[in-house]
Every structure is written in structure tokens, then in C-alpha cells.
Amino acid sequence: MLLTGPSGSGKTRLAADSGLPVLRLDDFYKEGDDPTLPHVGAEVDWDSPLSWDADAAVRAITRLCREGAATVPLYDISASARTGAERLELADSPLFIAEGIFAADITARCSALGLLADAICLRGRPTTTFRRRLLRDIRESRKPLPVLLTRGWRLLRTEPAIVARHQSLGAHACAHPEATARIARLHATARSVAPRTAAQEKSGSG
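Residues numbered from 1 in each chain as written. Predicted model: local features only at pLDDT ≥ 70, side-chain atom pairs only at ≥ 80, totals over all residues. Heavy atoms only, no water.

## A short note on the pattern of salt bridges
Enumeration over the complete set of coordinates arrives at 12 salt bridges. Across the pair arginine 136 and aspartate 137 runs a salt bridge, and its minimum N-O distance is 2.8 Å. Across the pair arginine 142 and glutamate 140 runs a salt bridge whose closest N-O atoms are separated by 2.8 Å. Salt bridges linked by common partners bring Asp47, Arg136, Asp137, Glu140, Arg142, Arg151 and Arg154 together as one network. (Salt bridge = Lys/Arg side-chain N within 4 Å of Asp/Glu carboxyl O.)

Written out as C-alpha cells, the structure reads:
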């Protein structure tokens, strides 16, 4: 399941509250010295999909879906650098969430590979998102304050367009309550189907 939405919309909290395994797509950002990074003036445009390694993200999702485990990067946003890697395992979960601001950009690719269960875009009040994003970024020292403020005001103005773009890429836009219910419903369906599939494989049918 792909979970997207504007920065600060609550994706990380919703994914954690779901109880499902979570793949953090923000860990697939390019490193700060990558020559292919896009820019806005003199600053790197970290809100552009071009600042992100979509190919690596799709490979990790594919491996998780087909093998149940994958080695994924660890990324420090404040340093704009990868700091290592970790092993993500699904255990017995029939479903996992891949969340990040660029998740909608790989909706079509995941669907074409037969991997996509659903794609959700969280939306809410832009002013609430702005406040939540700024407090989080200051708390985590993600970037210098002037950069955070400039970026925050830009995202506040463009949030409706960001949500519309995610919808155009195939994500269903909704608020937290509907997203929570949608994830829970899909999880229940996946759990009910998984035992039958396993039984079919054991008996050689299906």
C-alpha cells in the first residue's frame, strides 16, 4: 500500500498507528552531492521527485512483495546523506505500507508490476500541515530555520496543487479517518485471503 501526501500531513504517524510493516520512502532520497539533484535558485529542491531515487524504491518494494524481506537504506535528512542500511522483514504480514511524499510517483509502476494494493493521499487543512511540518522540522533540525520557513510558505501556497497532482497519479485523496478505515479494511481482507492462498499452495491447487 502506497501512502503519500504533503510533507507534514501525518503519513508517518498514520503508518505507525496501522500496526503494519512500514517502508520509509524518504530514505531513498539522493545524497546531497549527487549531481542530478534539482535546484530552486541556489538551493536543492528536495520537494521535487527528481531528488529521489524512484528506481531503488521500486526495487525494494518488489523484493519485499516477492521475497518478504529487503535491505533498505537509512537516510539522515539533516545531513542529506545515507548513513547505513537495515533489513526490513514482513514476517507473516500480508500487507505493508510504503510511505513518503513521492509515493504517488510510483503508483503506475507498482500497479503494472501487480504489486499495488491501494494508494492513498492524506489531505487536511494546509495551515495545520504547515504548523505540524515546521514544528517537526525544527525539532529534528532537518535544515536551517530560514530554509524551513521559505520551504514552508511555498508548500502552504501549493498544497492544493500537490494533492491534485497525487490524485492525477492514481492516489485516493482523503482525511485521516477515512484513510485509517481504508487501511484497516484492506488489512482485514488481506488476512482473510492469505490463509486460503497458503492452503491452495500446500495442496497444489489455485
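And the narrative resumes.
## A word on the state of the cysteines
For the coordinates displayed, the defined rule picks out zero disulfides. Unpaired in this structure, cysteine 121 has its nearest cysteine sulfur neighbour in cysteine 174, at a distance of 8.0 Å. Overall, the relative accessible area of 1% leaves cysteine 174 in the buried class. (Disulfide = S-S within 2.5 Å. Buried < 20%, exposed > 50% of the residue type's maximum accessible area, 1.4 Å probe, protein only.)

## So, the confidence of the model for the protein
Looking at the protein, the pLDDT average stands at 90 and 94% of residues meet or exceed 70. This model gives residues 196-206 a pLDDT under 50, and the stretch forms two contacts once residues within four places in sequence are excluded. (pLDDT = per-residue confidence, 0-100. Contact = heavy atoms within 4.5 Å.)

## Some remarks on the nonpolar core
Counting residues in each nonpolar core, the largest one holds 34 residues, and the members touching the most others are Leu2, Leu23, Leu25, Phe28, Trp52, Ile61 and Ile106. Breaking this core down by element, the ones donating at least two residues are helix H2 (54-67), strand S5 (69-76) and strand S8 (119-122). Of all the elements, H2 adds the most residues to this core, at seven residues. In this view, leucine 25 contacts Trp52, Ala57, Ile61, Ala98, Glu99, Gly100, Ala103 and Ile106; residues no more than four positions away in its chain are not counted. Core analysis: the next-biggest nonpolar cluster, separate from the first, contains 12 residues, Leu14, Leu95, Ile97 and Ile120 among them. (Core = buried A, V, L, I, M, F, W, Y, C linked by side-chain atoms within 4.5 Å. Helix = DSSP H or I, 4+ residues; strand = E, 2+ residues; numbered from the N terminus.)

## Structural notes on the packing of helix H4 (residues 126-139) against helix H5 (residues 145-168)
Helices that pack against each other are described as a pair by the angle of their axes relative to one another and the distance between those axes. Two elements in contact, H4 and H5, have axes separated by 10 Å at closest approach and are oriented at 160°. Of the possible angle classes, the one that applies to H4 and H5 is roughly antiparallel. In the crossing of H4 with H5, the sense of the turn from one axis to the other is right-handed. Facing Pro126, Thr127, Thr129, Phe130, Arg133, Leu134, Asp137 and Ile138 of H4, the residues of H5 in contact are Leu145, Leu148, Leu149, Arg151, Gly152, Trp153, Leu155, Leu156 and Glu159. A breakdown of the residues in the contact of H4 with H5 according to their chemical character gives 10 nonpolar, three polar and four charged. (Axes fitted to C-alpha atoms, helices over the stretch in contact; angles between N-to-C directions. Parallel < 35°, antiparallel > 145°, perpendicular 65-115°, else oblique. Left-handed = near helix turned anticlockwise from the far one by under 90°. Nonpolar A, V, L, I, M, F, W, Y, C, P; charged D, E, K, R; others polar.)

## Observations concerning the sheet that holds strand S9 (residues 172-174)
The strands that make up a sheet are held in pairs by hydrogen bonds between backbone atoms, and each pair lies either parallel or antiparallel. Spatial ordering of the open sheet is given by S2-S7-S1-S8-S9, a layout of five strands whose pairing is parallel. The open sheet has two free edges, formed respectively by strand S2 (22-24) and S9, since each of these has just one partner strand. Pairs of neighbouring strands in the sheet enclose a mean axial angle of 25°, with direction left out of account. (Pairing = 2+ DSSP bridges.)

## Considering the side chain of lysine 30
Relative to the helices and strands, lysine 30 resides in the loop between S2 and strand S3 (39-40). It turns out lysine 30 is buried and unbridged, and the closest side chain with the opposite charge, aspartate 34, is 5.0 Å from it. One polar contact links the side chain of lysine 30 to the main-chain carbonyl oxygen of leucine 50, over a distance of 2.8 Å. The contacts of lysine 30, once residues within four sequence positions are left out, are Thr36, Leu37, Trp46, Leu50, Ser51, Trp52, Asp53 and Tyr75. (Lys, Arg positive; Asp, Glu negative; His and termini not counted. Polar contact = N/O pair within 3.5 Å; in protein donor to acceptor, adjacent residues only side chain to side chain.)

## Focus: H5
Between the first and last C-alpha of H5 there are 32 Å, a value that for 24 residues agrees with the 34 Å anticipated at 1.5 Å per step. Bending of H5 peaks at approximately 60° at the position of threonine 158, with proline proline 160 no more than four residues after it. Those residues of H5 that sit buried are Leu148, Arg151, Gly152, Leu155, Leu156, Glu159, Val163 and His166. Tucked into the core, H5 has its buried residues touching strand S1 (2-4), S8, H4 and S9. Following H5 by one or two positions, glycine 170 has its phi on the positive side, about 110°. (Expected span 1.5 Å × (residues − 1). Bend = angle between axes of the 7 residues up to and from the residue.)

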